[in-house]
Every structure is written in structure tokens, then in C-alpha cells.
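The primary structure of each chain is shown beneath.
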Amino acid sequence: MPIKGELRDFSTTQILNLINLAKKSGTLTIFNAQKSGVKEKVNGKDRERIDPGAERAKVSFKAGKLIYATMQGQEGNLVSVLNKAGKLTDEQARIIRERAKNTSDKALALLLINANYVSQNDVLNSVQQHILNVIYALMSLNEEPFRFEDDLAPDPNRIHVPIDLENVIIEGSRRIKEIEELNQHLPNLDMALRFPENPKEKFKGIHLSVEEWRVVSFVNPKNTIRQIAKANNMSEIEIRRIVYGLEQAGLVELVKPAGMEGAGKPGSPQQGNQQRRPVQKPQVQKVVVNRLIDKIRSI
Amino acid sequence: MQTVKMVITGPFSAGKTQFISSISEIDVVSTESKLSSDAEKKEKENTTVAMDFGRITVDEDLVLYLFGTPGQRRFDFMWEILAEGMLGFVVMVDSTKPETFREAKSILETFRAYAPTPYVVAANKQDHPDAWSTDDLRIALRIEEGVKLLPCVAKDKESVKSVLLELLYSILETMDDKA
Ligand SMILES: Nc1nc2c(ncn2[C@@H]2O[C@H](COP(=O)(O)OP(=O)(O)O)[C@@H](O)[C@H]2O)c(=O)[nH]1
Ligand SMILES: [Mg+2]
């Protein structure tokens, strides 16, 4: 089943998190947002419906790793990529384009490496940088329709470089400008953080900033996010951004603070400190539940 | 006679009414009550709160009631009353509408805070070509591993039955824990 949606409801970062955790292979297509002028009702509120316009970008994944990306207006062919990275001059690029019109990027890379124009590292680094540039540009989009299709592979003529998504997600969250996204995602700073099951595995090869490490060093179900911020002298926005990135990258998980079960009330409506009546647990016996089960089976 | 209740909640248009209708032995009663605050009276507009209500009779002395929550956030206070004494709850999600996922998660957390009863998440409209798979929904909604996330087609009675049964099995399990 394809995954369809709009970035205003499910952000690029969230999509990458999904692809990473589910180890998906396939291609994500992002379309231009075409304002329809028509109202639609979402969660009881009116908003303008957005229709998918022309294709804006395509990003491909293999087993949960980013492998290729192209964006409208940004040529993704090897010559352009090497030219842009300063590995080929404009003149060299022009000549190669003329001579190697129908050569695949992979074949061309071999030719260029053998002819000592560029090194293998130049090729890999330049392509990787191109892919990352596309993906970081996508992370600043916040309304476009998208579609992810399993089994849709990228152009086989292009060079694919596998890139771990964790670092991409963290770097992306460093670049988020929309405070709103951070606020929506992390409504409750009174939650605590804990490490996932295999933290060693998860943290392998991750490049964290000093601030991120400082937060990581306080991860403990006993510490609320608010306390971690205070201990590190961080503003709400700073801590939100860091926790968002770490969490989306699967490096930490949100939990109710230890010893405060039920007190955290994550996501509960903004009625704040208003006292709630404790809800009674029903006094129902096992035999009653079994009778309900028998009844429903027989319907 | 003993009555027990379960609550069917979820965002607007997730399929709560459909779910209850598919299994209830009575026509789903939408109890409509007109609520209006002074301010609203001034603006001369009334808002209708409809609450779905279904029934499954086991025998003369045991009846199960299914309550659907009204969709609008403004009537949160009604949820709390509904939640009181419930055996468990079902969170319905329209699997075809990612624009409602955040709301669905927020409703789930709200209900979870009301009562420590078992619950299941029903990924509804799985018959629709745009439906997200249950695996993807689990990640998108951040549903913990121990919580059941079940494919559902609320129009199909068998599917509704299996969601309710899974909830009842979870309820049984919590009773075993205590024994
Ligand atoms: N395709 C499909 N449509 C459904 C399903 N369940 C509900 N619907 C439709 O979704 C819409 C909203 O359902 P409703 O029960 O009124 O949602 P409620 O607001 O949660 O009570 C209606 O048009 C239903 O016919 C389902 O399993 N599959
Ligand atoms: Mg309804």
C-alpha cells in the first residue's frame, strides 16, 4: 500500500523516521502544493485543500537507508554533480557531456576514475553531498503532498550511495525553522526520556553536537525534559529541537517520569492543574468478561 | 441486572458510528442534546452534540453498552463522564487520513489519562486503497509494542467483532495479572 499524505500533517522528518524504523525500500515523491481555493474540514476546523501539483522531488531508499535523491531544477546527473562540487570545471563538464551522451553514470564514473579526472572518493562524496542537499531542502517544506511507493526503485543509471538516516534526521532537526512543528510534536516537557533497547547499536556512527551530548548524558526516566533543560541552561526551544531530533532518530524514547505514573498526563487537554475526579475501575469479574466473549463470538 | 460499558473514541469521521452500528442489536441511538453557552446564544447559534449509543444483550442479567464519543474537542468534559467505569476503550483511526493522526494520538492519551483500563487501536477503513498499513500506523502514531493495533473495516461485522474480542482478551489478561 502506498503511503499518501501532506507534509503539513506528517513532516519530512516523520516520514524519514518511519522509513528508517520500518526499514523500507521504495521511492518518496513530493509534489508541489497546489492551493485549490476549496475549503475542507479537518479535526473540526476549516482549512484550504491542497492538491498535488507537478513533481518536486524524488527520494529513494533501500532497506531503511537513503540511496538517491533528485529535485526539480537540480540536475542529478554525475557530471553536473561533480561540476557543482568543483571536481570538474565547466569546460570539462561541457566536453564530457558532449562525448558521453548515452553513457550511464556508473559507466561514466569508471571512465573518469580510470582517466584520473577524479577519485572514487570524489564521486562518492559529491553524490552523497548532492543527495543530502536535496533532503535538507525538503526538510524546510511544510505543506506539500507526498506519496511513498514500495518497490519503486530509482533510476538504475544513477549512482546510489547508502546513507544512514539517523544522522540525516538529527541534522534536519537542527535546521527546522518552524517552531510550530517542534511544539506540536513535544507538547509536554514534563515527560522523561529513556534509551531504546539496544542503545549501543543505535548510537554507532552518530555525530552529535556538544549540546546534544549534554542532553543525552541526562537521559534517565527520573529526569523530566524540563529538568534536563534547566540543568543544561537551555531554553524551551533549544531542548525541544534537540529532543525532537534524538527522538525522531530513534535514539531516545519519551516516557512518563518514574514514580509519577499517571501524573504526567501526556497530551491531556490544556485544562492544566484542574483537579480530576479519579475514575473508578469497574468491579467486573472474569466470568463476566468470559460471558461477553462468548456472546460476541456468537453474534 | 449488570451493565458494563466500553467506549469507542477517535477523531471525527474515523468510523465510530459505523463501528457501533455494525454490531449493536438496536439502531444506534444518537442522543442529541443542544448545548449553548451564553455567548453562543448571543450569536444565535446552537451546537449539536451527538453521542452514539449501542447495546449488546448477553442474557437477562448482563448487558454491554457501547458509547461513541462526540468528535469535537470542545466537549472533552463529556468524555470524562463517559470514561467513568468503562471496561476498556477502542481508539478508531481513519487509516486513510494522516491529517487526523495527531488528533487520534491526542485523544488516545487523553483517555489513557482518565482511566488505567485496557484499550486497543483500530486502524479503520482498511478496505480503502489509500489506507496506511497497521505497521506504518504503529510508527506514525507511536503505539507501544504491548498495545494492540488491529486492522478494521467498521462496515464489516466480523471485523468489528474481532476488534471487540481482542479488547476483551486484553481485559482478561489484566485480570490474570492480578490473580
Ligand atoms: N471505506 C470505509 N468507509 C468507512 C468505514 N467505516 C466508516 N466509513 C465511512 O466513514 C465515514 C464516517 O463514518 P462515521 O461512522 O460516521 O464516523 P464517526 O464520525 O467516527 O462516527 C462514513 O461515510 C462511513 O460510511 C470502513 O471501514 N471503510
Ligand atoms: Mg459519529
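Residues numbered from 1 in each chain as written. Chains lettered and ligands numbered in written order. Predicted model: local features only at pLDDT ≥ 70, side-chain atom pairs only at ≥ 80, totals over all residues. Heavy atoms only, no water.

Helix and strand content of chain A: twelve helices and seven strands. Taking 19 Å as the expected radius of gyration for a compact globule of 299 residues, we find that chain A reaches 24 Å, considerably beyond that expectation. Residue burial in chain A is summarised as follows: out of 299 residues, 45% are buried. Taking all contacts inside chain A whose residues are at least 6 apart in sequence as the whole, residues at least 24 apart take part in 77%. Of the roughly 15800 Å² of accessible surface on chain A, 48% is carried by carbon and sulfur atoms. (Helix = DSSP H or I, 4+ residues; strand = E, 2+ residues; numbered from the N terminus. Rg over C-alpha atoms; globule rule 2.2 N^0.38 Å. Buried < 20%, exposed > 50% of the residue type's maximum accessible area, 1.4 Å probe, protein only. Contact = heavy atoms within 4.5 Å. Areas by Shrake-Rupley, 256 points an atom, 1.4 Å probe, with all protein chains shown as cover.)

The next point concerns the confidence of the model for chain A. All names here are of chain A. Looking at chain A, the pLDDT average stands at 87 and 92% of residues meet or exceed 70. Per-element averaging of pLDDT across chain A places helix 7 (residues 179–185) at the bottom with 74 and strand 5 (residues 145–150) at the top with 96. For residues 261–276, every residue scores under 50 in pLDDT, and the model assigns this stretch 24 contacts once sequence neighbours within four places are set aside. (pLDDT = per-residue confidence, 0-100.)

Here we come to unusual backbone geometry. Residues and elements named next belong to chain B. Phi is positive for Ser13, close to 75°, though the residue is something other than glycine. Residue class for Ser13 comes out partly exposed when judged on its relative accessible area of 36%. Positive phi is not limited to glycine here, since Lys125 has a value of about 65°. Among the secondary structure elements, Lys125 is positioned in the loop between strand 6 (119–124) and helix 5 (134–141). Overall, the relative accessible area of 23% leaves Lys125 in the partly exposed class.

Chain B puts 55 residues into the contact, and the matching count from chain A is 48 residues. Buried area between chain B and chain A, summed over both chains or domains, comes out near 4700 Å², and the portion from carbon and sulfur atoms is 61%. Between the two partners, chain B and chain A, sit five salt bridges. When the shortest N-O distance is used, the salt bridge between A:Lys4 and B:Asp130 registers 3.2 Å. Connecting chain B to chain A are twelve residue pairs in polar contact (both at pLDDT 80 or more). Ranked by residue count, the leading element in the side of chain B that touches chain A is helix 6 (residues 157–178) of chain B, at twelve residues. Its residues placed into classes, the side of chain B that touches chain A shows 28 nonpolar, eight polar and 19 charged. (Buried area = accessible area lost by both parts, 1.4 Å probe. Salt bridge = Lys/Arg side-chain N within 4 Å of Asp/Glu carboxyl O. Polar contact = N/O pair within 3.5 Å; in protein donor to acceptor, adjacent residues only side chain to side chain. Nonpolar A, V, L, I, M, F, W, Y, C, P; charged D, E, K, R; others polar.)

This part covers the domain arrangement of chain A. Residue and element names in this part refer to chain A. For chain A, the assigned domains read domain 1 (3–75 + 126–182) and domain 2 (192–263 + 272–297). Its C-alpha centre places domain 1 at a distance of 27 Å from the equivalent point of domain 2. Facing 16 residues of domain 1, the contacting portion of domain 2 comprises 16 residues. Taken over both partners, the interface formed by domain 1 and domain 2 buries close to 1400 Å², and the fraction arising from carbon and sulfur atoms is 56%. Contact with domain 2 buries surface across domain 1, with Ile170, Arg174 and Leu182 losing the most and accounting together for 39% of the total. Scanning the region where domain 1 abuts domain 2 turns up one salt bridge. For the salt bridge of Arg174 with Glu212, the shortest nitrogen-to-oxygen distance reads 2.6 Å. Put simply, domain 1 and domain 2 have seven residue pairs in polar contact (both at pLDDT 80 or more) between them. (Domains from an automatic or database assignment.)

Of all residues in chain B, 82% attain a pLDDT of 70 or more, and the chain-wide mean is 84. Two numbers describe this predicted complex: its pTM, 0.80, and its ipTM, 0.85.

Residue and element names in this part refer to chain A. Summed over the entire model, instances satisfying the criterion amount to 38 salt bridges over all chains. The salt bridge involving Glu171 is made with Arg175; its shortest N-O contact spans 2.9 Å. Here the residue Glu171 and the residue Arg175 both occupy positions in helix 6 (residues 165–175), the gap between them amounting to four residues, near one helical turn. Assessed through its relative accessible area of 42%, Arg175 is described here as partly exposed. Counted as one network, the salt bridges with shared partners bring together Glu6, Arg8, Asp9, Glu40 and Arg47.

Moving on: the pairing of strand 5 (residues 88–94) of chain B. All names here are of chain B. Of all seven residues that make up strand 5, seven are buried, and the element is covered over most of its length. Where burial is concerned, the two faces of strand 5 agree: the one with Gly88, Val90, Met92 and Asp94 and the one with Phe89, Val91 and Val93 are both buried. Across four bridges, the pairing between strand 1 (residues 2–9) and strand 5 is parallel. Bridged to Met6 within strand 5 is Gly88. By the bridge criterion, six bridges tie strand 5 to strand 6 in an arrangement that is parallel. Residue pairing across strands places Val93 opposite Ala123, the latter belonging to strand 6. On the question of chirality, the crossover connecting strand 5 to the parallel strand 6 by way of helix 4 (residues 101–114) is right-handed. (Pairing = 2+ DSSP bridges. Right-handed = clockwise from strand over helix to strand, strands pointing away.)

A few words on the site of ligand 1. Residues and elements named next belong to chain B. The environment of ligand 1 is made up of 14 residues, and the closest members are Ser13, Lys16, Thr17, Gln18 and Asp127. At 2.8 Å, a backbone N or O of Gln18 approaches an oxygen atom of ligand 1. Take Asn124: an N or O atom from its side chain is 3.1 Å from an oxygen atom of ligand 1. Considered on its own, ligand 1 offers 580 Å² of accessible surface; in the complex 74% of this is hidden by protein. (Near = heavy atom within 4 Å.)

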